[in-house]
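Per-entry structural report
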Amino acid sequence: MEQESSAYFHEAFARNIGIVTSEEQEKLHTATIAIAGLGGVGGAYAQGLARMGVGHFHLADLDIFETVNINRQFGANRDTLGKPKVLMIRDQVLAINPYAETEVFEQGFSEANAEDFFRGVDLAIDGLDFFSIDARRVYFREARKRGISIITAAPIGFGSAAYIFTPEGMSFDEYFDLHDGLEKKEMLFRFAIGLAPAMLQRKYFRPTSIDFDNHAAPSIVSGILAAASIATAFGAQVLLGKPVQAAPHSIHFDPYALRYRHVYLPFGNRSLWRRIIRAIARKLYLK
């Protein structure tokens, strides 16, 4: 079995060589990735990293695929409707690499299973639903406690905003200016405004289209693909020990708007200027 696995690995991922070295490909093969949330971006992350040759996955999601997911979620099709996302994505990872080791968490990620979920993990990726702000804060906090970096790449319109949060750098809560005691709607608002300081999508995407009360927001597959492209590239940087620009650095890319920005906010969204922008946005967009 080991000889068969090795032969499959070397043939299946041979075309990666030249972009990464054979030694780097082996690092990816032995790496363990944790992904919480396997809807739009999470499913794309898992499949992209599996095709990159990552050999070990911890996957968490408690949801099922529904028809409304068809427009953007990798794993959603007529055959998977009504079925658990985590099991369908696991099956897709194994269809790519039948020798990948996958551990699934069908009840999703929580503080209660954080120890098991992060055990042996080299890198975590945030695939949680935008509106799951409480779970997201726990996810980032628990990873940081264990010295694990997290990548979050948010699909925004046709593009994406992407961040790397390292254990020694600025925390998720610090960057987005979140703390206990804030109402959930306010936390979601701060997260939304903080994600896109470059505002590349302002000509066609309106924050008023986000329904904070009913937890609904527009999303299109191009944004999912953009987020997955950046997140998997960032993932390779972290796993291969390359220099990274962690938060409060971020990158913002929108091919539809033909724009790219690298943003550095030394105080995150806690600075006076960002708080003024947030106050203006609150009056304009938050009902």
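For the structure, see preceding data.
Just so it is clear, the structure is predicted and the values come from calculations on it, not from any experiment. (Residues numbered from 1 in each chain as written. Predicted model: local features only at pLDDT ≥ 70, side-chain atom pairs only at ≥ 80, totals over all residues. Heavy atoms only, no water.)

Moving on: the pairing of strand E8 (residues 259–264). Alignment of strand E7 (residues 249–254) against E8, held across six bridges, turns out to be antiparallel. Within E8, the residue paired with Asp254 across the bridge is Arg259. (Pairing = 2+ DSSP bridges. Helix = DSSP H or I, 4+ residues; strand = E, 2+ residues; numbered from the N terminus.)

On to the pairing of E7. One face of the sheet, then the other: side chains in a regular strand alternate in exactly this way. Most of E7 is tucked away: five of the six residues are buried. The sheet contact formed by strand E6 (residues 159–165) and E7 spans three bridges and is antiparallel. Considered in E7, the bridge of Ser160 is made with Phe253. Taking the residues that link successive antiparallel strands as the turn, the E7-E8 hairpin has four residues, and the phi of Leu258 there is positive, at about 55 degrees. (Buried < 20%, exposed > 50% of the residue type's maximum accessible area, 1.4 Å probe, protein only.)

Our focus in this paragraph is unusual backbone geometry. Between Ala247 and the following residue, Pro248, the backbone shows a cis peptide bond with an omega angle of 25 degrees. Mapped onto the elements of the fold, Pro248 is located in the loop between helix H9 (221–239) and E7. Phi angles above zero are rare outside glycine, and Asp177 is one such case at about 60 degrees. Relative to the elements of secondary structure, Asp177 occurs in the loop between helix H7 (172–176) and helix H8 (184–195). Here Asp177 falls in the buried class, since its relative accessible area comes to 14%. For Met199, which is not glycine, the phi torsion reads 50 degrees and is therefore positive. Tracing the chain through its elements places Met199 in the loop between H8 and H9.

What follows concerns the packing of aromatic side chains. With the rule as written, the count across this model stands at 28 aromatic pairs. Both rings, one in Phe140 and one in Phe165, keep their centres 5.4 Å apart while their planes meet at 85 degrees; by these two values the pair is edge-to-face. In this pair, Phe140 sits in helix H6 (residues 133–145) while Phe165 sits in strand E6, placing the two residues 25 residues apart along the sequence. As far as the burial class goes, Phe140 and Phe165 line up, both buried. Aromatic pair Phe165 and Tyr175: ring centres 6.2 Å apart, planes at 75 degrees, arrangement edge-to-face. With Phe165 in strand E6 and Tyr175 in helix H7, this pair connects stretches of sequence that are 10 residues apart. Comparing Phe165 with Tyr175 shows no difference in burial state: the two are buried. (Phe/Tyr/Trp six-rings, centres within 6.5 Å; stacked < 30°, edge-to-face > 60°.)

Turning next to empty space enclosed by the protein. Under the counting rule described, the total for this entry stands at one cavity of 30 Å³ or more. As a volume, the largest cavity reaches approximately 30 Å³. Together, Ile156, Ser160, Ala161, Ala196, Ala198, Met199, Leu200, Gln201 and His252 line the largest cavity. Its residues assigned to classes, the lining of the largest cavity shows six nonpolar, three polar and no charged. (1 Å grid on protein atoms, 1.4 Å probe; cavity = no way out; pocket = protein on both sides within 12 Å on 5 of 7 lines; lining within 4 Å. Points joined across faces, edges and corners; volume = space filled by probe spheres on them. Nonpolar A, V, L, I, M, F, W, Y, C, P; charged D, E, K, R; others polar.)

This brings us to a nonpolar patch on the surface. On the surface, a nonpolar cluster with roughly 560 Å² of combined accessible area is contributed by Leu272, Trp273, Ile276, Ile280 and Leu284. For Ile276, the position within the fold is in helix H10 (residues 272–285). Of the residues examined, Ile276 reaches a relative accessible area of 36% and is grouped as partly exposed. (Patch = residues over 30% accessible without salt bridge, like charges linked within 9 Å, V, L, I, M, F, W, Y side chains within 5 Å. Areas by Shrake-Rupley, 256 points an atom, 1.4 Å probe, with all protein chains shown as cover. Salt bridge = Lys/Arg side-chain N within 4 Å of Asp/Glu carboxyl O.)

This paragraph deals with the side chain of Thr232. The residue Thr232 is located in helix H9 in this model. Of the residues examined, Thr232 reaches a relative accessible area of 10% and is grouped as buried.

Attention now moves to the packing of helix H3 (residues 40–52) against H9. Any two packed helices are characterised by the angle at which their axes cross and by the distance between the axes. Remark: H3 packs on H9, axes separated minimally by 9 Å, with the N-to-C direction vectors making an angle of 45 degrees. Judged by the angle between their axes, H3 and H9 are oblique. Two packed elements cross with a definite hand, and for H3 against H9 that hand is right-handed. On H9, the residues that touch Gly40, Val41, Ala44, Tyr45, Gly48, Leu49 and Met52 of H3 are Ile224, Ala227, Ala228, Ala231, Thr232 and Ala236. Taken together, the residues that form the contact of H3 with H9 break down as 10 nonpolar, three polar and no charged. (Axes fitted to C-alpha atoms, helices over the stretch in contact; angles between N-to-C directions. Parallel < 35°, antiparallel > 145°, perpendicular 65-115°, else oblique. Left-handed = near helix turned anticlockwise from the far one by under 90°. Contact = heavy atoms within 4.5 Å.)

What follows covers helix H2 (residues 22–30). An α-helical turn contains 3.6 residues, so any two residues separated by three or four positions project in the same direction. Residues Glu24, Gln25 and Leu28 constitute the buried set of H2. Mapping the buried residues of H2 onto a view down its axis gives an arc of 105 degrees, with all of them on the same face. Structurally, H2 contributes buried residues whose contacts are with helix H1 (2–12), H3 and H9. (Arc of directions from axis to C-beta.)

What follows is about the packing of H3 against helix H4 (residues 85–96). Where H3 meets H4, the closest approach of the two axes is 9 Å, and the angle between their N-to-C directions is 15 degrees. Compared by their axis directions, H3 and H4 come out roughly parallel. Helix-helix and strand crossings are classified by hand; for H3 and H4 the assignment is right-handed. Of H4, the residues touching H3 (which contributes Gly43, Ala46, Gln47, Ala50 and Arg51) are Ile89, Gln92, Val93 and Ile96.

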